[in-house]
Structure formats: C-alpha cells, structure tokens
Amino acid sequence: MADADCYKPGGMRLVPSYIESLAPYQAGLTVEEIQLRFGIQDVAKLGSNENPLGTSPFAVEAVKSQLNRLHLYPDGGLALRKVLARMFNLKVENVITGSGSEGIMANIIRTFLCSEDEVLTTESAFIGFQVLAKSRGVNYRTVPLKDWRYDLDAIAAAINDRTKIIYLANPNNPTGTIFTRQEFNEFYRHVPERALIILDEAYFEYAKDNPLYPDSMHYRFDNVITLRTFSKIYGLAGIRIGYGFAHEQLIGNLLKVKLPFEPSALAQAAGIAALTDKEFLHRSLELNARGLRFLTESLTKLGLEVVPSEANFVMVVLPSAGEADRIWHELLQQGIIIRPLKAFGLPNCVRISTGTDQDNHRCVEALEKCLAAQARS
Ligand SMILES: Cc1ncc(COP(=O)(O)O)c(C=O)c1O
C-alpha cells in the first residue's frame with residue numbers, strides 16, 4: 001500500500017484509491033429476479049455451482065434443532081473443528097472453520113499480508129479471491145492460463161522476493177480443470193518457505209476419485225493451507241460454512257484474527273450433520289457425473305467448445321464476447337440462468353453448472369434453439 005493510496009495532495013483520502021477503483025462483487029442472478037423480469041415460474045438456476053438436489057435433510061433437521069438456542073453465542077467453530085480433526089486424523093490445532101471458505105480466505109489475507117507483499121495467481125482466478133486480494137491494496141500479479149489450466153511452471157517462474165500468497169484453485173473455477181499431483185510436486189520445489197500457498201479445494205469432492213488429483217490432505221507442507229467448503233456438494237451455500245487445514249502455527253495465527261463468533265451456530269450444526277449424510281453425498285456425486293457427461297457430450301455435438309471439467313460445471317468457449325452475451329441473454333429469457341464470465345476476464349466464455357437431469361436437458365434444448373436461430377439469421 002503506497003502513501004498515494006491513502007493520501008492526496010492536501011490531505012487524507014476517505015477511501016483508499018485501491019478500494020475506490022474496485023467494482024462490487026456481482027452475485028449470480030436469483031430465481032426471483034428472473035421470475036419477476038420475464039414472468040417465468042420454472043427457472044433453472046445453473047449459474048452458481050450449487051447443489052441441484054438442495055440440502056441434506058440431516059442438515060435441515062440440525063438447523064431446526066438449534067432454533068430455540070439462538071440466544072446463545074456459538075463456540076467459534078470448535079465443535080466442527082473437532083469433528084473434522086477426527087475425520088481427517090489431524091489435531092484440532094490444524095483445523096479452522098469459517099463463514100464459507102471465502103470467510104477463511106478473508107482471514108488469511110488480513111493475517112499474513114503486509115503492505116509491500118504481493119499476491120500471485122493465474123489470470124481469471126476465482127472472482128471471490130480476486131475481490132478479497134485486491135481490497136487489501138497489495139500488488140496482485142497473474143500469469144496466463146495455459147490450455148485453460150493453471151500454468152504452474154510460469155507461476156513458479158514468476159515468484160519473486162515479495163511473493164507472499166500464491167492462490168491455486170484445484171479444480172479451478174471457472175475452467176473446471178485440475179493440475180495433477182506430479183505437476184504440483186514439481187511446482188512446490190520452487191516455492192520458498194516464506195510464501196503461503198492457498199490450495200482452494202471448493203470442488204474437492206467432485207475430483208477426489210481422479211487418480212491424478214493431488215488431494216492436499218496427503219501433503220503436510222508447512223506453508224500450504226487447504227480450503228474446503230460445505231457450499232457445493234453439501235448444498236449449504238446459503239448458510240456460509242467452510243473449513244481449512246494447515247500447520248498449527250498458521251492456524252494459530254488465523255485464530256487470532258478471525259471474528260470470535262464465526263461461524264454461526266446454525267452453520268456449524270448444519271455442517272456437522274451434513275458430514276454424516278453419506279447417502280446425500282453419493283446421490284449428489286452420481287447426479288453430477290451424469291450431468292457433466294451429458295452437458296459435455298451434448299454441447300460438443302452442437303459444435304461448441306467445452307472445456308473438460310472435474311467439478312460441477314462446464315465452461316463453454318464461444319467465438320466472441322458478443323456471442324457469449326447473446327447466448328446468456330437468450331437463455332435467461334427462457335428461464336435458464338448460466339454465468340457469463342466477463343467479470344472473470346473471459347468475456348467470450350460462459351459457465352454452466354450441472355443441474356437436475358431435467359434442467360440439463362432443458363439447457364441443451366435451449367442452446368440448440370439459440371444456435372439454430374443464429375444460423376438462420
Ligand atoms: C474456487 C472457489 N472457491 C471458493 C468458493 C466460495 O466458497 P464458499 O461458499 O465456501 O465461500 C467458490 C464458490 O463458488 C469457488 O468457486
């Protein structure tokens with residue numbers, strides 16, 4: 001953070017210049033917005049990588065069971081930390097919980113970054129991370145994607161004396177691609193101990209059975225923090241609960257900075273219960289695998305470029321930004337919400353989350369119609 005960020009000739013700035021230059025985060029459109037705007041009741045929400053099966057009934061019951069205890073402060077996430085430590089064979093000191101994995105990301109940024117430090121990641125990184133890192137006012141450096149994947153060699157080559165945080169999402173949002181265990185091992189040899197790697201595994205559950213996937217729990221590197229979430233496969237995006245694993249020294253420092261009563265009691269109860277619902281997890285994985293296969297094959301047959309995905313969404317690369325915008329608008333008018341990726345820095349791409357089988361079919365039919373209309377015009 002330079003002086004000019006906080007001061008201008010003649011005095012102090014009310015708002016630092018690096019905050020003033022940011023745009024607020026634009027969440028995906030809601031079902032209600034589309035119902036209101038287009039008068040369509042049946043809306044398919046395929047824009048935010050949520051679980052189309054909803055929430056585990058175990059989690060819903062757990063939340064209900066807490067409703068007469070709302071006058072009590074929560075325990076700062078300790079109960080969930082203990083459950084996760086048992087589940088992953090760790091000490092509780094190696095685990096942190098927060099209001100979504102973004103909540104923990106925010107704490108990492110507050111805890112470890114000094115003003116002269118730099119953040120290094122890929123171009124078009126997960127937008128939530130971009131927003132958080134840029135709001136700290138430090139230098140934010142990126143390296144281009146290579147074939148829609150993290151270019152770990154280029155990231156390693158870009159590390160300098162000021163690089164403090166390296167952010168890697170695996171699988172990546174919005175491309176859905178992964179880097180392999182071998183690629184990560186090779187990359188890690190180039191990372192100095194004083195740099196912190198955030199391994200964002202928001203889509204871990206979808207990718208974990210791929211034998212090439214480097215489940216970061218198999219690493220006990222001292223400067224890696226793994227982040228995971230209940231927002232995706234566990235269907236708890238609305239309640240805000242996530243967790244992280246790291247060396248106890250890193251977790252100990254994060255605990256000094258985190259809001260004392262985060263996560264909320266309801267979020268924590270939901271998370272603990274969701275972990276026990278193996279049947280829900282299994283059904284969610286099956287539906288997603290079917291959806292990924294169907295979307296990838298059908299859209300490819302329509303002549304679209306689809307990036308093969310290991311997550312719960314696919315990215316479609318279109319010939320131009322105009323075409324991406326047109327498709328997004330036309331699908332909206334038919335009650336299908338997908339995600340345009342201009343804000344990620346990919347204006348000619350859209351992202352489509354897997355939905356129910358019915359929603360997936362509806363989306364492909366709508367796209368087919370949209371492409372046929374374009375061909376006729
Ligand atoms: C890569 C990635 N990380 C983190 C998150 C945010 O997760 P949470 O809801 O736990 O904050 C998302 C959500 O879309 C994501 O795609």
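Computed from a prediction, not measured in an experiment: that's the story for all the values here.

Here the focus is the layout of surface pockets. As a volume, the largest pocket reaches approximately 730 Å³. Looking at the largest pocket, it is lined by 32 residues, and the ones nearest its centre are Gln26, Pro340, Lys342, Ala343 and Phe344. When residues of the lining of the largest pocket are traced back to their parent elements, those giving at least two are α3 (31–38), α7 (127–134), α14 (321–333), β14 (339–340) and β15 (349–353). For the lining of the largest pocket, the residue count by class is 20 nonpolar, 5 polar and 7 charged. Its boundaries defined by the atoms lining it, the second largest pocket holds a volume of some 520 Å³. Lining the second largest pocket are 30 residues, and of these Tyr25, Ser48, Glu102, Phe126 and Lys232 sit closest to its centre. The set of elements that each furnish at least two residues to the lining of the second largest pocket consists of α6 (100–112) and β7 (163–169). Top element by residues in the lining of the second largest pocket is α6. It accounts for 4 residues. The residue inventory of the lining of the second largest pocket, partitioned by class, reads 12 nonpolar, 10 polar and 8 charged.

The next subject is α6. Along its 13 residues, α6 runs 19 Å from first to last C-alpha, staying within 8% of the 18 Å computed at 1.5 Å per residue. Gly100, Ser101, Gly103, Ile104, Met105, Asn107, Ile108, Ile109 and Phe112 are the residues of α6 that are buried.

The N-to-C vectors of helix α13 (residues 278–301) and helix α15 (residues 357–376) enclose an angle of 10°; their axes lie 10 Å apart at closest approach. In terms of axis orientation, α13 runs roughly parallel to α15. In this structure, α13 uses Leu287, Arg290, Gly291, Phe294, Leu295, Ser298 and Leu299 to contact α15, whose residues at the interface are Asp357, Asn360, His361, Val364 and Leu367. Here the residues of the contact of α13 with α15 sort into 6 nonpolar, 4 polar and 2 charged.

Here we take up the site of the ligand. Around the ligand sit 14 residues, and of these Ser101, Asp200, Tyr203, Thr229 and Ser231 come closest. Measuring from an oxygen atom of the ligand, one finds a backbone N or O atom of Glu102 at 3.0 Å. Take Asn173: an N or O atom from its side chain is 2.7 Å from an oxygen atom of the ligand. Burial of the ligand by the protein chains amounts to 92% of its free accessible area of 400 Å². A total of 4 residues in the shell around the ligand trace back to one element, the largest contributor, which is α6. Of the residues contributing to the shell around the ligand, the split by class is 5 nonpolar, 5 polar and 4 charged.

Definitions and limits used
- Numbering of residues starts from 1 in each chain and follows the order in which that chain's sequence is written.
- With the structure being a predicted model, the display of local features is reserved for residues of pLDDT at least 70 and the display and counting of side-chain atom pairs for 80 or more, all residues being used for whole-chain, interface and lining totals.
- Neither water nor hydrogens contribute to the side-chain values; these are computed over all heavy atoms in the structure.
- The distinction between a cavity and a pocket rests on a 1 Å grid over the protein atoms alone: a 1.4 Å probe fits inside a cavity but cannot get out, while a pocket stays open yet meets protein on both sides within 12 Å along at least five of seven lines, and a residue with an atom within 4 Å of a point counts as lining.
- Grid points are joined across faces, edges and corners, and a volume is the space filled by probe spheres set on the points.
- Runs of H or I in DSSP of at least four residues are treated as helices and runs of E of at least two as strands, each being numbered from the N terminus.
- Basically, the charged four are Asp, Glu, Lys and Arg, the nonpolar ten are Ala, Val, Leu, Ile, Met, Phe, Trp, Tyr, Cys and Pro, and anything else, Gly included, counts as polar.
- Working rule for helices: expected span equals 1.5 Å times residues minus one.
- Note on classification: 1.4 Å probe, protein chains only; a residue is buried when its accessible area is under 20% of the maximum for its type, exposed when over 50%, partly exposed between these limits.
- For helices, the fitted line uses only the C-alpha atoms of the stretch in contact; every axis is such a line through C-alpha atoms, and the angle between N-to-C directions lies from 0 to 180 degrees.
- Oblique is the label for any angle not covered by the other classes, which are roughly parallel (under 35 degrees), roughly antiparallel (over 145) and roughly perpendicular (65 to 115).
- Contacts were defined at the residue level, with two residues in contact if any of their heavy atoms lie within 4.5 Å.
- Working definition: residue near molecule or strand if any one of its non-hydrogen atoms lies within 4 Å of it.
- Within 3.5 Å is the distance limit for a polar contact, defined as a pair of N or O atoms, with the added protein rule that one can donate a hydrogen and the other accept it, and that residues adjacent in sequence qualify only through two side-chain atoms.
- The accessible surface values rely on the Shrake-Rupley method and a 1.4 Å probe; as for residues, cover is taken only from the protein chains in view.

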